[in-house]
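Spelled out from the first residue to the last, the chains are:
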Amino acid sequence: MSNVKIEESWKQALSEEFTQPYFQSLATFLKTEKAAGKKIYPPGSLIFNAFNTTPFEDVKVVILGQDPYHNPGEAMGLSFSVPKGVRIPPSLRNIYKELNEDLSVSIPNHGDLTRWAEQGVFLLNAMLTVEHRTPRSHQKIGWQDFTDAVIRKLSTEQEGLVFMLWGGFARKKKELIDKSRHLVLEAAHPSPLAGGAYFGSKHFSKANDYLQKQGKEQIDWSL
């Protein structure tokens, strides 16, 4: 990952992680896989897109995903987000439906969540890479050590953040968060496989109410 650059505030906040043996082996694994002709998503330049778009000190809300989309052209380094022109995935469609019900925000015709990220919504996947059409293929190569450290760092060094944890996998991460310093919102996963249990969670309005009480600017969730 020598060609990957990460935003300066995150580079400083995570400097110890980049020197850990697990991160070195992770980088070696990805280089070896690519050298063997494996297709890895997202492209190298977008692996740290969430970090580069939302600097450490600008984070207000954290939305945690599991791993990147594994089909060509979908993963862009922001959890749940796909580039404009790409079909909106089912989970994101349900997120939009909930957002519309919660705050009457118009349902967008694209799946690019960059505008959220630019306002301080940190769209973090627990795994930052995945092999072509092989979900969870990079679940055990070290990314979770890295992203767990990211969550801990945000929890201990920031104040008044909102963590949205959707689904069983994300909800397990609540043990990394100091709930006396931050708001932790839990819900079912927005995937259609959850049978609609996600709907009615009202996390978007709850997040904005909390941010306002913290004296922070609310998120404009419209896209």
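Refer to the structure above for everything that follows.
All of the points below concern the structure found in this document. All values reported here derive from a predicted model rather than from experimental measurement.

### Points about unusual backbone geometry
- Cis peptide bonds are those with omega within 30 degrees of zero, and the linkage from Y41 to P42 qualifies with -5°.
- Take P42: it is sitting in the loop between β1 (40-41) and α4 (49-53).
- One non-glycine residue, F80, adopts positive backbone phi at about 70°.
- Assignment of secondary structure puts F80 in the loop between β2 (61-65) and α5 (90-103).

### Concerning the environment of P108
- Tracing the sequence through the fold places P108 in the loop between α5 and α6 (114-118).
- Judged by its relative accessible area of 14%, P108 is buried.
- When residues no more than four places from it in sequence are discounted, the contact partners of P108 are I88, Y96 and L223.

### Some remarks on the packing of α5 against helix α9 (residues 203-213)
- Following both chains from N to C, one finds α5 and α9 inclined at 60°, their axes separated by 8 Å at the closest point. Looking at the two axes, α5 sits oblique to α9. Taken together, the residues of α9 that come into contact with α5 (itself represented by I95, E98, L99, D102 and L103) are H203, F204, S205 and N208.
- For the contact of α5 with α9, a count of residues per class yields four nonpolar, three polar and two charged.

### Observations concerning the nonpolar core
- Residues F51, W143, F146 and W221 are the most contacted members of the largest nonpolar core, which totals 70 residues.
- If near-sequence neighbours (up to four positions away) are discounted, W221 is found in contact with V61, I63, L99, L103, V105, W116, V121, M164, F204, A207 and N208.

### Side note on the pattern of salt bridges
- Taken as a whole and judged by the stated rule, the model has seven salt bridges.
- One salt bridge connects E33 with K38, and the closest N-O pair in it is separated by 3.1 Å.
- Owing to a relative accessible area of 13%, E33 belongs among the buried residues under this scheme.
- Look at K38 and you get partly exposed, because its relative accessible area is 33%.
- Among the ionic pairs, R115 bridges to D220, the shortest N-O distance being 3.0 Å. A residue pair is termed long-range when its members are at least 10 positions apart, and R115 in helix α6 and D220 in the segment after α9 qualify at 105 residues.
- Residue R115 is classed as partly exposed on the basis of its relative accessible area, which comes to 35%.

### Considering the sheet that holds strand β6 (residues 183-187)
- Ordered in space as β3-β2-β5-β6, the four strands form an open sheet in which the pairing is parallel. Every other strand in the sheet has two partners, leaving β3 (121-125) and β6 as the edge strands with one partner each. Averaged over all pairs of adjacent strands, the angle between strand axes in this sheet comes to 20°, irrespective of strand direction.
- Looking at chain direction, β2 and strand β5 (residues 162-166) are connected through four bridges and run parallel. For V62, the partnering residue across the bridge sits in β5 and is F163.
- Running at roughly 155° to β3, helix α7 (residues 143-157) makes contact with β2, β3 and β5 of the sheet.
- With respect to the sheet, α9 is in contact with β2, β5 and β6, its orientation differing from that of β5 by roughly 165°.

Thresholds, definitions, all that
- Residues numbered from 1 in each chain as written.
- Predicted model: local features only at pLDDT ≥ 70, side-chain atom pairs only at ≥ 80, totals over all residues.
- Heavy atoms only, no water.
- Helix = DSSP H or I, 4+ residues; strand = E, 2+ residues; numbered from the N terminus.
- Buried < 20%, exposed > 50% of the residue type's maximum accessible area, 1.4 Å probe, protein only.
- Contact = heavy atoms within 4.5 Å.
- Axes fitted to C-alpha atoms, helices over the stretch in contact; angles between N-to-C directions.
- Parallel < 35°, antiparallel > 145°, perpendicular 65-115°, else oblique.
- Nonpolar A, V, L, I, M, F, W, Y, C, P; charged D, E, K, R; others polar.
- Core = buried A, V, L, I, M, F, W, Y, C linked by side-chain atoms within 4.5 Å.
- Salt bridge = Lys/Arg side-chain N within 4 Å of Asp/Glu carboxyl O.
- Pairing = 2+ DSSP bridges.

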